[in-house]
Amino acid sequence: PFNFVPGENTMLGEFHYEPANPNDTIAEGFLTSFLQTGDSLPLTIQGDSASTPFTSLQPTLEGLTLMTSVTG
């Protein structure tokens, strides 16, 4: 369950690397940094209408932006 409290909330997650263009130099740089460093890499998760099959949730998810990071 998600128990959010004020302040920083840390939870386990799973990251899937699936760039639209595997030859994209930005995607390649991200993957290189993730695999070769222990750095904290900034990550922005942007929702869109394809984020859910439920029509009633689409407007909300289209406007959703989450800022986080992933550690290599």
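Every chain begins its residue count from 1, and numbering advances along the sequence as written. At least 70 in pLDDT is required for a residue's local features to be given in this predicted model, at least 80 for side-chain atom pairs to be given and counted, and no such filter applies to totals for whole chains, interfaces and linings, which use all residues. Just so you know, side-chain values use all the structure's heavy atoms and leave hydrogens and water out.

A short note on the overall build of the protein chain
Logical step 1: Helix numbering and strand numbering both begin at the N terminus, where a helix is a DSSP run of H or I of at least 4 residues and a strand a DSSP run of E of at least 2. Per the secondary structure count, the protein chain includes two helices and two strands.
Logical step 2: For the protein chain, the succession of helices and strands along the chain, N to C, is α-β-α-β.
Logical step 3: Atoms counted for the radius of gyration: C-alpha only. Globule rule: 2.2 Å times residue count to the power 0.38. The C-alpha radius of gyration computed for the protein chain amounts to 15 Å, which surpasses the reference 11 Å derived for 72 residues by more than 25%, pointing to a less compact arrangement than a globule.
Logical step 4: In terms of its C-alpha atoms, the protein chain occupies a principal-axis envelope of roughly 40 × 30 × 15 Å.
Logical step 5: Using a 1.4 Å probe on the protein chains alone, a residue whose accessible area is under 20% of its type maximum counts as buried, one over 50% counts as exposed, and one in between counts as partly exposed. Relative to its full complement of 72 residues, the protein chain shows a buried share of 8%.
Logical step 6: Here a residue-residue contact requires only that any non-hydrogen atoms of the pair lie within 4.5 Å. Taking all contacts inside the protein chain whose residues are at least 6 apart in sequence as the whole, residues at least 24 apart take part in 39%.

Points about the layout of surface pockets
Logical step 1: One number sums up the size of the largest pocket: a volume of about 1100 Å³.
Logical step 2: Lining of the largest pocket is provided by 31 residues; of these, F15, L43, I45, T68 and V70 occupy positions nearest its centre.
Logical step 3: Per-class residue counts for the lining of the largest pocket are 17 nonpolar, 10 polar and four charged. Throughout, the protein atoms alone are placed on a 1 Å grid, and a set of points is a cavity if a 1.4 Å probe fits but cannot get out or a pocket if it is open with protein on both sides within 12 Å along at least five of seven lines; lining residues have an atom within 4 Å of a point. Grid points are joined across faces, edges and corners, and a volume is the space filled by probe spheres set on the points. Throughout, the ten residues Ala, Val, Leu, Ile, Met, Phe, Trp, Tyr, Cys and Pro are labelled nonpolar, Asp, Glu, Lys and Arg are labelled charged, and all others, Gly among them, are labelled polar.

Quick look at helix α1 (residues 25–36)
Logical step 1: A helix's residues, less one, multiplied by 1.5 Å, set its expected span. Between the first and last C-alpha of α1 there are 16 Å, a value that for 12 residues agrees with the 16 Å anticipated at 1.5 Å per step.
Logical step 2: Polar contact is defined as a pair of N or O atoms within 3.5 Å, subject to the rule that within protein one atom must be able to donate a hydrogen and the other to accept it, and that residues adjacent in sequence are counted only when both atoms are side-chain atoms. One side-chain oxygen at the N-terminal end of α1 lies 2.8 Å from the backbone nitrogen of I26; it belongs to D24.

A short note on the confidence of the model for the protein chain
Logical step 1: Residue-level pLDDT values for the protein chain average 86, and 97% of them are 70 or greater.
Logical step 2: Per residue, pLDDT measures the predictor's confidence, with a range of 0 to 100. Mean pLDDT per element in the protein chain: strand β2 (residues 65–71) is the minimum at 88, and helix α2 (residues 58–62) is the maximum at 91.

Points about the packing of aromatic side chains
Logical step 1: Two aromatic rings, drawn from Phe, Tyr or Trp (for Trp, its six-membered ring), form a pair once their centres lie within 6.5 Å of each other, and the interplanar angle then sorts them: stacked below 30 degrees, edge-to-face above 60, tilted otherwise. Following the criterion strictly, the structure yields one aromatic pair and no others.
Logical step 2: Between the aromatic rings of F30 and F34, the centroid separation amounts to 6.5 Å while the plane-to-plane angle is 10°, which identifies the pairing as stacked. Of this pair, F30 and F34 both sit in helix α1, four residues apart, roughly one helical turn.

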